[in-house]
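Letter by letter, the chains look like this.
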Amino acid sequence: MIKSASAALVCLFLYGILIIPFTTYLHKKPFVEKLGYVPSVTALKTVAADHKELVAASLVLKVLMYFGGLFEKADNQVAVPPDYMSMSRLLHGSVKLDPYNMDAYYFAQSFLTWDVKQYKLANDLLDYGMKYRTWDWYLPFFVGFNNAFFLKDYASAARYYQRAGELSGSDLSRLLAGRYMQESGQTDLAIAYLTAMEKKERNQAVKNNYQLRLKAFRETRRVEVARDRYREVRGAMPATVVQLVSGGFLSPPRDPYGGQFYLEADGKVATTSKYAFAGVKNLSKQKAGEPYERH
Amino acid sequence: MSTIIKITLKGIFRDRVFQGIMVTACVFLLIPGIASLSMRQVTELSLTLSLSLLSFIMLLLSVFLGATSLWKDIERRYTFSVLGLPLSRQSYLLGRFGGTALFVLLTAAVLGIAACGVVAYTSSVYPPDRPIVWGTMALCILFDALKYILLIAVAFLLSSFSTSFFLPVFGTIATFLAGGVTQQVYDYIHSPTSQKLSPVVKQIATGLYYLLPNFGAFDMKVNAIYSLPIPANGMLLTVSYFLVYVGILLSLAAAIFSRREMR
């Protein structure tokens, strides 16, 4: 009895010594390791038996948790580049297990396009989803947006928006399709798209991401409106954003990503951040004093 | 036989299996919280989790109740006293099976109500894009229960000739895993991608497909989760398949058990 109690006490003591370095090790474990690798989908299907939907959902949640963790770190000024490749692999695996899982499509759309710039990959995934989620207007809405905004394929965009409009019964998609056909108001459309996305978003990390981007696009739009007004009044395109501010057409715009707005040679409004914190970092590496305005 | 069914049910309740299930069912309370992590399909995720939990509990019940019921009776020598009564071995086996199957059905009903409660709560807080079809959900749970009753029949067949509980327990688990993928294997060997496979392998795989139970047919989770319609003829065929397959398994089990030498 005494021997057993002593052994238990020793074990508890050893546990106390071990648990702190053990927890620290797990906490600091590289993200790639934490996100893990998906075995072949065929193998997963076999092991999952009749719980394929559960396994798919758990893969999506794993990616969401991982991404949320990174966002929290970014809030604390710790920049850890997300492992987009693993995220994409996990989400592709999850839709093979459960082709109806909307979270997977939605999240893949959010980072494959804006962050990874894999528009074709995102569209292929969404096209795959459309075969199953035949009632869902979001998927054609996403593809429509990708085609128009990123790929500049307005004919395809209009086709997908038409489909989204038919499914949703809303005129918004048809309206967007019409505008895309005219290739005008890109910023307005991005704002409309991001507002729709942000409104229904429940995941705080993703919502914050959208809000930030939305803020940047609204500022861009403000500069565009001022630029157009300047042209109307002065009969010529402004050369710099400073001209707009000093002429009283615009209060100083603020890029939430930390960049500075400038006008390109054709008058297009751009920002040095390229709508990403990484853009500002790259810029800071450049020589001080380099002019932002490019003509 | 009805007496054996009643005794089996009483025995299961006496062993506090139902209380164990009720304790496990407390996990249902955590589901709305976990489901709220989803971005776009909270209700669908709560359905996925509820149905998977229900299915997992029934799997455990089928494996452990189905595979140990006969073995326990023989090991404790209950069979000597029971079979001394004017009761055929076949009736005894079928009674034991009936009692276990009834318990699984009862569990499915009780846990199904709990699952509906969880899903109703989640959908009231996070309304889904598509309305929940409660009838489809009920059918999904019913077909899940039928699948596990079929698995119990497999366990009884293995128990009818096994002298230890290892074969029934592990054999039932192996049958469950194999039965879940037979349809995928069948689809694969009949697709152009399997052209490189040897004809012998294809024939063996096809033979196993017809021999092993096809549990894929009973899986209607995706229909319940995403409110997809279930074809009526598919349901009819599946129920017919269930009746015929369980009939074959129980006939074989009864035939083997009646000739078994009791020691």
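On a predicted model such as this, the values are computed, not experimentally measured, just so you know. (Residues numbered from 1 in each chain as written. Chains lettered and ligands numbered in written order. Predicted model: local features only at pLDDT ≥ 70, side-chain atom pairs only at ≥ 80, totals over all residues. Heavy atoms only, no water.)

S.K.: Whenever I open this one, the confidence of the model for chain B confuses me. Can you help?
M.R.: Residues and elements named next belong to chain B. The share of residues in chain B with pLDDT of 70 or more is 100%, and the mean pLDDT across the chain is 89. In the model of chain B, helix 5 (residues 78-83) stands out as the element of lowest mean pLDDT, 76, in contrast to helix 7 (residues 134-161), which has the highest, 94. Confidence metrics for the complex model read pTM 0.74 and ipTM 0.72. (pLDDT = per-residue confidence, 0-100. Helix = DSSP H or I, 4+ residues; strand = E, 2+ residues; numbered from the N terminus.)

S.K.: What's the story with helix 1 (residues 2-14) of chain B in this structure? I'm lost.
M.R.: The periodicity of an α-helix, 3.6 residues per turn, causes residues three or four positions apart to be oriented the same way. All names here are of chain B. For helix 1, which comprises 13 residues, the first-to-last C-alpha distance of 18 Å matches the rise-based estimate of 18 Å (1.5 Å per residue) to within 8%. Along helix 1, the residues classified as buried are Ile 4, Ile 5, Thr 8, Gly 11 and Ile 12. The buried residues of helix 1 occupy an angular sector of 125 degrees when the element is viewed end-on, so they sit on one face. In helix 1, those exposed residues whose orientation departs by more than 90 degrees from the buried face are Thr 3, Lys 6, Lys 10 and Arg 14. If you follow the buried residues of helix 1, they end up packed against helix 2 (17-24), helix 4 (42-75), helix 5 and helix 6 (89-125). Once helix 1 finishes, Arg 16 follows within two positions and takes phi at roughly 60 degrees, a positive value. (Expected span 1.5 Å × (residues − 1). Buried < 20%, exposed > 50% of the residue type's maximum accessible area, 1.4 Å probe, protein only. Arc of directions from axis to C-beta. Contact = heavy atoms within 4.5 Å.)

S.K.: Explain the packing of helix 11 (residues 186-200) of chain A against helix 12 (residues 204-234) of chain A to me, please; I cannot follow it from the model alone.
M.R.: Helix-helix packing is characterised by the crossing angle of the two axes and by the distance between the axes. Residues and elements named next belong to chain A. Contact pair helix 11 / helix 12: the axes reach a minimum separation of 9 Å and the direction vectors enclose 155 degrees. It follows that helix 11 is roughly antiparallel to helix 12 by the angle criterion. Our pair here, helix 11 against helix 12, has a crossing hand that is left-handed. Note on element contacts: helix 12 touches helix 11 through Lys 207, Tyr 210, Gln 211, Arg 213, Leu 214, Phe 217, Arg 218, Thr 220, Arg 221 and Glu 224, opposite Thr 187, Asp 188, Ala 190, Ile 191, Leu 194, Thr 195, Met 197, Glu 198 and Lys 199. For the contact of helix 11 with helix 12, the per-class residue count stands at seven nonpolar, four polar and eight charged. (Axes fitted to C-alpha atoms, helices over the stretch in contact; angles between N-to-C directions. Parallel < 35°, antiparallel > 145°, perpendicular 65-115°, else oblique. Left-handed = near helix turned anticlockwise from the far one by under 90°. Nonpolar A, V, L, I, M, F, W, Y, C, P; charged D, E, K, R; others polar.)

S.K.: Explain the confidence of the model for chain A to me, please; I cannot follow it from the model alone.
M.R.: As a general rule, the predicted coordinates of low-pLDDT regions are not to be interpreted in detail. Residue and element names in this part refer to chain A. For chain A, the average pLDDT comes to 79, and 79% of its residues sit at 70 or higher. The weakest mean pLDDT in chain A belongs to helix 10 (residues 171-182) at 53; the strongest belongs to helix 7 (residues 119-132) at 92. Confidence drops under pLDDT 50 across residues 287-295; counting only partners more than four residues distant or on other chains, this segment forms 18 contacts.

S.K.: Honestly, a nonpolar patch on the surface in this entry has me stumped. Any pointers?
M.R.: All names here are of chain B. A cluster of nonpolar side chains, Phe 161, Leu 167, Val 239, Leu 243, Val 244, Ile 248, Leu 252 and Ile 256, forms an exposed patch at the surface whose accessible area comes to about 670 Å². At six residues, helix 11 (residues 232-259) tops the list of elements feeding residues into the nonpolar patch. Within the secondary structure, Ile 256 sits in helix 11. The partly exposed category is assigned to Ile 256, whose relative accessible area is 31%. (Patch = residues over 30% accessible without salt bridge, like charges linked within 9 Å, V, L, I, M, F, W, Y side chains within 5 Å. Areas by Shrake-Rupley, 256 points an atom, 1.4 Å probe, with all protein chains shown as cover. Salt bridge = Lys/Arg side-chain N within 4 Å of Asp/Glu carboxyl O.)

S.K.: Help me understand the interface of chain A and chain B in this model?
M.R.: How big an interface is tends to be reported as the loss of accessible area on association of its parts. Contacts between the two partners involve 28 residues from chain A, matched on the other side by 28 residues from chain B. Buried area between chain A and chain B, summed over both chains or domains, comes out near 2,600 Å², and the portion from carbon and sulfur atoms is 58%. Applying the counting criterion to the chain A and chain B interface returns two salt bridges. Measuring nitrogen to oxygen at the nearest pair gives 2.3 Å for the salt bridge that ties A:Asp50 to B:Lys147. Counting across the interface, chain A meets chain B through 13 residue pairs in polar contact (both at pLDDT 80 or more). Contributions of two or more residues to the side of chain A that touches chain B are made by helix 3 (41-48), helix 4 (52-75), helix 6 (102-114) and helix 11 of chain A. Looking at the side of chain A that touches chain B residue by residue, the classes come out as 14 nonpolar, four polar and ten charged. (Buried area = accessible area lost by both parts, 1.4 Å probe. Polar contact = N/O pair within 3.5 Å; in protein donor to acceptor, adjacent residues only side chain to side chain.)

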